[in-house]
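# Per-entry structural report
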Amino acid sequence: MHNDELYMSRCIDLAKKGFGSVSPNPMVGAVIVHNGHIIGEGYHEKFGGPHAEVNAVESVKDKSALKYSTIYVSLEPCSFKGKTGACLDLILKHGFSKVVIGSIDPNPKVSGKSIKALQHNGVEVKTGILEKACIDINKRFWINQIEKRPYVILKYAQTKDCFIAREDYSSKWISSEESRKLVHEWRAQEDGIMVAKNTAFYDNPSLNVRLCEGDNPVRIIIDPNGVLPENLNVFVDGLAPTLRIVGKDTKITRHNQADYTLANADFTSVQGLKALFESLLLDNIGSILVEGGATWINTLLKADLWDEARVFTSNKYFEKGISSPFINGLQPIEKELIGGDELSVYFRV
């Protein structure tokens, strides 16, 4: 492996340490190299906290060496001041002789601007090192910036004969205990978890993280006609914030102290659905795990409002019931066995 790739690979490994803590910002890693040796490292650790470049610079004991050093960064340095200062200014301040960048930032406020500014100030810039890998770790951020919505992961479990539930919704568990534990790990990795009204009513789930360590996601309940009772767990247990989304003309009168935020949306068109997801991103929900039900998942598939699908297939047979969602024409990219279930992973083309 070429030295540039070796150092960028280290940047990627560092960046991944911020997974689940920096959204909706991207994960970024930075490495500072002087005379062929790494003298500083850093990554973006928490949303609102110092960026990777800042942490890498702060880790260097002898700051006078920086002007003779190369800084490697998995994503183009930011060129504007947000919650923190611009990393471009930091790099110029310390006089780095060279900057090696994994991928250009898709954010229009940055995209290419830092590179041009560095070059204008006489800094040597090299780009595109392990570019695909740098983009892959930030696939959520790319969707946020390019499509202006959260990254959407569809998750469901189905029987061997392709049913997602019994007709009377009495089948609470289809997948194995190992698969359910994995789902809780997924919940801790995303900003939001979404279910539609039938799943919320018949399962009465808590939609929190219980089977592993991690933060609870925001619970997003799709209730177009405002028919869900207010004594459901997601409205009263206080375990995590809940956003209840009803139709644009739906009026709800609260009869108790149900603890949730109410929002209205247009469910009648693809444009209305896109507007809903755009509004969720504006609320700093950069990724969503959609856990049901079949009708809602099919709606998102038809509207092309999804990025990834994770499907558990158990060894159970129902013979009749509610049919599983249909992912038309796509083959799974990955398959593995989880506690006796087959997990298939699909990506939107």
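Within each chain, residue numbers correspond to sequence positions counted from 1 in written order. Only residues with pLDDT of at least 70 get local features here, since the model is predicted, and only at 80 or more are side-chain atom pairs given and counted; chain-wide, interface and lining totals rely on the full set of residues. Side-chain metrics in this entry use all non-hydrogen atoms of the structure; hydrogen atoms and water are not considered.

On to the side chain of D105, then. Along the chain, D105 turns up in the loop between β4 (98–103) and α4 (113–120). There is no salt bridge for the buried D105, and the closest opposite charge comes from K148, which lies 9.4 Å off by N-O distance. A run of DSSP states H or I qualifies as a helix once it reaches four residues; a run of E qualifies as a strand once it reaches two. Both are numbered from the N-terminal end. For every residue, the accessible area (1.4 Å probe, protein chains only) is compared with the maximum for its type, and the residue is labelled buried under 20%, exposed over 50%, or partly exposed between those bounds. In this tally Asp and Glu are treated as negative and Lys and Arg as positive; neither His nor the chain ends contributes. Salt bridge, as used here: a side-chain nitrogen of Lys or Arg that lies within 4 Å of a carboxyl oxygen of Asp or Glu.

Tallied over the entire structure, the rule returns 18 salt bridges. A salt bridge links K98 to E124; the shortest N-O distance between them is 3.8 Å. One end of the pair, K98, is in strand β4; the other, E124, is in strand β5 (residues 124–127), and 26 residues separate them in sequence. Residue classification places K98 among the buried positions, given a relative accessible area of 19%. The class for E124 is partly exposed, based on a relative accessible area of 47%. The salt bridge involving E147 is made with R348; its shortest N-O contact spans 2.7 Å. Here E147 is found in helix α6 (residues 139–147), whereas its partner R348 is found in the segment after β16 (341–347), with 201 residues between them in sequence. With relative accessibility at 32%, the residue E147 sits in the partly exposed group. The class of R348 is partly exposed, set by a relative accessible area of 22%.

This part covers the sheet that holds β4. Pairing between sheet strands relies on hydrogen bonds along the backbone, with the strands arranged either parallel or antiparallel. Spatially, the 5 strands line up as an open sheet ordered β2-β1-β3-β4-β5, and their pairing is mixed. Looking along the sheet, the strands with just one partner apiece sit at the ends: β2 (37–43) and β5. Put simply, the sheet's adjacent strands are angled 15 degrees from each other on average, direction ignored. Any two strands with at least two DSSP-identified bridges between them are counted as paired. Pairing between strand β1 (residues 29–34) and strand β3 (residues 70–75): 4 bridges, direction antiparallel. Orientation is described by axes fitted as lines to C-alpha atoms, over the contacting stretch for helices, and by angles from 0 to 180 degrees between their N-to-C directions.

Note that soluble globular proteins tend to have their nonpolar side chains buried in a common cluster. Within the largest apolar cluster, 31 residues are counted, with the highest numbers of intra-cluster contacts made by L154, M194, F277, L280, V290 and W296. In terms of residue count, the dominant contributor to this core is helix α11 (residues 294–302) (5 residues). In this structure, F277 is in contact with R149, P150, V152, M194, I288, W296, L300 and L305, ignoring residues within four places of it in sequence. Of all hydrophobic cores here, the second largest spans 23 residues; its members include V28, A30, I71 and I115. Take the buried residues of types Ala, Val, Leu, Ile, Met, Phe, Trp, Tyr and Cys, join any two whose side-chain atoms come within 4.5 Å, and each joined set is a nonpolar core. In this description, contact between two residues means that some pair of their heavy atoms is separated by no more than 4.5 Å.

Before going further, it helps to examine helix α7 (residues 177–189). Here a helix's expected span is defined as the number of its residues, less one, multiplied by 1.5 Å. Its 13 residues give α7 an end-to-end C-alpha distance of 19 Å, which sits within 8% of 18 Å, the value for a rise of 1.5 Å per residue. Buried residues of α7: S179, L182, V183, H184, W186, R187 and A188, and no others. Packing partners of the buried residues in α7 comprise β6 (151–158), β8 (192–196), β12 (287–292), β13 (308–313), β15 (334–338) and β16.

So, on to the sheet that holds β13. The sheet built from 9 strands is open, its strands ordered β11-β10-β9-β8-β12-β6-β13-β16-β15 with mixed pairing. Each edge of the sheet is formed by a strand with only one pairing partner; in this case those strands are β11 (261–265) and β15. Each strand axis lies, on average, 20 degrees off the axis of its neighbour in the sheet, ignoring direction. Of the pairings in the sheet, the one linking β8 to strand β9 (residues 218–222) comprises 5 bridges and is parallel in character. Note that in β9 the partner of M194 across the bridge is I220. In the packing of α6 onto the sheet, contacts are made with β6, β12, β13 and β16, and the angle to β6 comes to roughly 120 degrees. Most of the contacts of helix α10 (residues 270–282) go to strand β10 (residues 242–247), to which it runs at about 155 degrees, and overall it touches β6, β8, β9, β10, β11 and β12.

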